[in-house]
Number of protein chains: 2
Amino acid sequence: MINETRFVSQELKARVYQAMRELNYHPNAIARSLRRKKTQNIGMIVPDISYPFLAEVARGVEDAGFELGYNVIVCDSDGDLEREADYIRLLQEKKVDGIVFVAAGESSSHVQTLIEQGMPVVVCDRDLPGVEVDTVIADNVGSGYQATEHLIDLGHRRIGCIAGPQVLGISNKRGNGYKRALGRYGILVREELIVRGDFRCRGGYEAMRKLLALDEPPTAVFACNDLMAVGAICTASKRRLRIPQDVAIVGCDDIALASFTNPSLSTVAQPKHEMGAMAVEMLVERIKDKSKPPTRRLLPTDLVIRDSG
Amino acid sequence: MINETRFVSQELKARVYQAMRELNYHPNAIARSLRRKKTQNIGMIVPDISYPFLAEVARGVEDAGFELGYNVIVCDSDGDLEREADYIRLLQEKKVDGIVFVAAGESSSHVQTLIEQGMPVVVCDRDLPGVEVDTVIADNVGSGYQATEHLIDLGHRRIGCIAGPQVLGISNKRGNGYKRALGRYGILVREELIVRGDFRCRGGYEAMRKLLALDEPPTAVFACNDLMAVGAICTASKRRLRIPQDVAIVGCDDIALASFTNPSLSTVAQPKHEMGAMAVEMLVERIKDKSKPPTRRLLPTDLVIRDSG
DNA sequence: ATTTTAAACGATTACGTAATCGTTTAACTA
DNA sequence: TAGTTAAACGATTACGTAATCGTTTAAAAT
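Here the structure is a predicted model, which means the values were calculated and not measured. (Residues numbered from 1 in each chain as written. Chains lettered and ligands numbered in written order. Predicted model: local features only at pLDDT ≥ 70, side-chain atom pairs only at ≥ 80, totals over all residues. Heavy atoms only, no water.)

Considering the domain arrangement of chain A
Residue and element names in this part refer to chain A.
(1) Moving on: Domain boundaries in chain A define domain 1 (10-138 + 273-299) and domain 2 (140-269).
(2) Moving on: With nine residues of domain 1 at the interface, the matching set in domain 2 holds ten residues.
(3) Moving on: Considering only the surface of domain 1 that becomes buried against domain 2, Tyr 51, Phe 53 and Glu 106 emerge as the three largest contributors, covering 51% of it.
(4) Moving on: Notably, a salt bridge pairs Asp 127 with Lys 173, separated by 3.0 Å at the nearest N-O pair.
(5) Moving on: Counting every contact that joins domain 1 to domain 2 gives three residue pairs in polar contact (both at pLDDT 80 or more).
(6) Moving on: Listed by contribution, the elements that provide at least two residues to the side of domain 1 that touches domain 2 are helix 3 (52-68) and strand 5 (134-138).
(7) Moving on: In terms of residue class, the side of domain 1 that touches domain 2 is built from five nonpolar, no polar and four charged. (Domains from an automatic or database assignment. Contact = heavy atoms within 4.5 Å. Buried area = accessible area lost by both parts, 1.4 Å probe. Salt bridge = Lys/Arg side-chain N within 4 Å of Asp/Glu carboxyl O. Polar contact = N/O pair within 3.5 Å; in protein donor to acceptor, adjacent residues only side chain to side chain. Helix = DSSP H or I, 4+ residues; strand = E, 2+ residues; numbered from the N terminus. Nonpolar A, V, L, I, M, F, W, Y, C, P; charged D, E, K, R; others polar.)

Now the structure itself:
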């Protein structure tokens, strides 16, 4: 009938559609979901949808979902493992067909549990160790490497790094790329040149102050995301340092504002929208075939050279 | 039983919960929705979730939804009325309990239709003319007024305005506030001092170029949002103009970055998170009682004076 | 002792769809 | 002409819940 499951004569078809119009009939997706055992809904769990980077990833998820016939239930875990667990339970009860997962913490237990219960999951933007799960991620090590290599190419040897919250954690691949580039070019990694930030402007601002307070401040700085780079530029400007002559600064992400900072920000562009869209594509593949082996996609990043370094 | 609809003895209760644990039983929200005729889901229709302002509003919606027991299905209309209509149909078929609506265009026909069909709706962030609907909105006229009055207080008389896409449309309340402030202080509104932008950095950048190209450029500029203000700062900096001495600039929104531009951006802070949260609270009230008269909440804004003006 | 009342719980049914099964009619083969 | 096959469609049932109705048992009232 309506769902083209068998042959229906033209005449009856016409009469049915006519009646649908007259009665203002619209299919009830809830009843349909109950019967078909699929909802055409997917969940997206993120630490904070208002964080610009994730907002753009979410937009990619949304766009691909629309294209492929899925609605997206967005869940802000707020970096809170308990709230994350609450949302996971809710999404399971609401029978979403799959989940795009941007983890709140380093732990992989939540995803592990989901997988074991047969829920299709794609982990997005971060690696979770020890879980066999579809993953889509940007080349973060490569990003740090690209940025640092660029600064080395410019002649810098004393290069600082404004890292994320956990310098040693799995999260800081970008910091690892920084170290690898230094090593590759025979430059000693100096721990005093690596300062932690909080991935926001304020953290970059404070971190830059610490770097500039060193006896021998760096001549260039790689900030592990653009927000912190903006904070770092702010610090340098207040000190009346010229960028890039006195300190060069390179960020990471390429947020929309990066072209319009003062000076404009050199950065390593991340494929944010693409990452979200690919997560959904992989998720739909997984929904279709739950038995195939998990894949891991590493998306390349682009060095964008502007005026800050 | 589980839903506390009648008395059950302690003993049986214990046995039931025991069995639930043993069988790993979890209620099926789809079946429950079908039976109860409510889904505990709400839809949020926005032009673009990756636009920072809307991302923060969405976060407010998400937080209040979580608190009140609702999940949020986010729908990006992408400013496209057809896609908006598609999403509306989908949300209706999926039987969301209500919709938070940030309209794609100026037309109110979509909302009008929703209302007529009995769907609870709260319009957020923009007024839709001619529809009786719950609305929560920031004081945009007041914002423009506050910003402009501040510039007048600083002694400026020749004040430019970087407006949104439709200068005359209902959308540009902030521009109207600008005009009202000028009028209030007996300053003539000069059309050549009002330039349209696109609400993004690029548009602010271009608009500022136009303003500076005038025979008599303004000594101060009110940009109708912060992204355009950042673009304007960028233009002024490239021209080696000092801010605020040569041109003062005031923005609107107070995005996270506003404290870290160079110089830091004076702006009119909008209650973004609060607006989203209030939209959900109003929506839940509406869901409870569909017959009460619609209300309109006007949220106050705050002038934040920093270094740019 | 008999009736009344309430506590406690089992059993039935509707929600709106889609898959399955079964029935009618016509066409086609032997 | 009888038997076979397929086209076209109506009718039944399951999906998992919650509201309603009905039944049993015990306590309370007369």
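Considerations on the sheet that holds strand 11 (residues 296-299) of chain B
(1) Moving on: With mixed pairing, the twelve strands of this open sheet are ordered in space as 11(A)-5(A)-4(A)-3(A)-1(A)-2(A)-2(B)-1(B)-3(B)-4(B)-5(B)-11(B). Lying at the two open borders of the sheet, with one neighbouring strand each, are strand 11 (296-299) of chain A together with strand 11 of chain B. When strand polarity is set aside, the average angle formed by the axes of neighbouring strands in this sheet is 20 degrees.
(2) Moving on: Summarising the sheet, strand 5 (residues 134-138) of chain B and strand 11 of chain B pair through four bridges and their orientation is parallel. Counterpart to Ala 138 of chain B in the pairing with strand 11 of chain B is Leu 299 of chain B. (Pairing = 2+ DSSP bridges. Axes fitted to C-alpha atoms, helices over the stretch in contact; angles between N-to-C directions.)

Some points on the interface of chain B and chain A
(1) Moving on: Contact residues are listed per partner, giving 49 residues for chain B and 49 residues for chain A.
(2) Moving on: Contact between chain B and chain A buries roughly 4,600 Å² in total, counting both sides, with carbon and sulfur atoms accounting for 62%.
(3) Moving on: Its largest share of buried area at the contact with chain A, chain B owes to Ile 30, Arg 59 and Phe 260 of chain B, together 16% of the area lost on that side.
(4) Moving on: Where chain B meets chain A, there are eight salt bridges.
(5) Moving on: The partner of Arg 59 of chain A in a salt bridge is Asp 76 of chain B, with the nearest N and O atoms 3.9 Å apart.
(6) Moving on: Viewed at the interface, chain A and chain B are joined by 22 residue pairs in polar contact (both at pLDDT 80 or more).

A word on the packing of aromatic side chains
(1) Moving on: Taken as a whole, this structure holds five aromatic pairs over all chains when the rule is applied.
(2) Moving on: Ring centres of Phe 66 of chain A and Tyr 87 of chain B lie 4.8 Å apart, and the angle between their planes is 40 degrees; on these two criteria the pair is classed as tilted. A residue pair is termed interchain when its members come from two chains, as with Phe 66 of chain A in helix 3 and Tyr 87 of chain B in helix 4 (residues 81-93).
(3) Moving on: Tyr 87 of chain B sits in the buried class, given a relative accessible area of 0%. (Phe/Tyr/Trp six-rings, centres within 6.5 Å; stacked < 30°, edge-to-face > 60°. Buried < 20%, exposed > 50% of the residue type's maximum accessible area, 1.4 Å probe, protein only.)

Overview of the side chain of Ser 108 of chain B
Residue and element names in this part refer to chain B.
(1) Moving on: Inspection of the secondary structure puts Ser 108 in the loop between strand 3 (98-101) and helix 5 (109-116).
(2) Moving on: For Ser 108, a relative accessible area of 16% gives the class buried.
(3) Moving on: A polar side-chain atom of Ser 108 sits 3.2 Å from the main-chain carbonyl oxygen of Pro 129.
(4) Moving on: Each residue touching Ser 108, except ones within four places of it in the same chain, is listed here: Leu 128, Pro 129 and Val 131.

Concerning the relation of the copies chain B and chain A
(1) Moving on: With an RMSD of 0.1 Å, the operation that places chain B on chain A is a rotation of 180 degrees combined with a shift of 0.0 Å along the axis. The symmetry that links the two subunits is that of a two-fold axis. Closest to the rotation axis within chain B is the C-alpha of Ile 73 of chain B, separated from it by 2.2 Å.
(2) Moving on: Counting the interface residues of chain B, we find that 100% of their copies in chain A are interface residues as well, pointing to one common contact surface. (Least-squares fit on C-alpha atoms with pLDDT ≥ 70 in both.)

Focus: the layout of surface pockets
(1) Moving on: Taken as a whole, the second largest pocket encloses approximately 860 Å³ of empty space.
(2) Moving on: Lining the second largest pocket are 25 residues, with Ser 237 and Asn 262 of chain A together with Ser 237, Arg 240 and Asn 262 of chain B sitting closest to its centre.
(3) Moving on: Secondary-structure elements contributing two or more residues to the lining of the second largest pocket are helix 9 (226-238) of chain A together with helix 9 (226-238) of chain B.
(4) Moving on: Across the lining of the second largest pocket, the residue classes break down as nine nonpolar, eight polar and eight charged. (1 Å grid on protein atoms, 1.4 Å probe; cavity = no way out; pocket = protein on both sides within 12 Å on 5 of 7 lines; lining within 4 Å. Points joined across faces, edges and corners; volume = space filled by probe spheres on them.)

A word on the side chain of Arg 174 of chain A
Residues and elements named next belong to chain A.
(1) Moving on: Secondary-structure assignment places Arg 174 in helix 7 (residues 173-184).
(2) Moving on: With a relative accessible area of 9%, Arg 174 lands in the buried category.
(3) Moving on: There is a polar contact of 3.2 Å between the side chain of Arg 174 and the side chain of Asp 253.
(4) Moving on: Those residues within four positions of Arg 174 in sequence are excluded, and the remaining contacts are Phe 53, Asn 140, Gly 144, Phe 222, Cys 224, Asn 225, Cys 252, Asp 253 and Gln 270.

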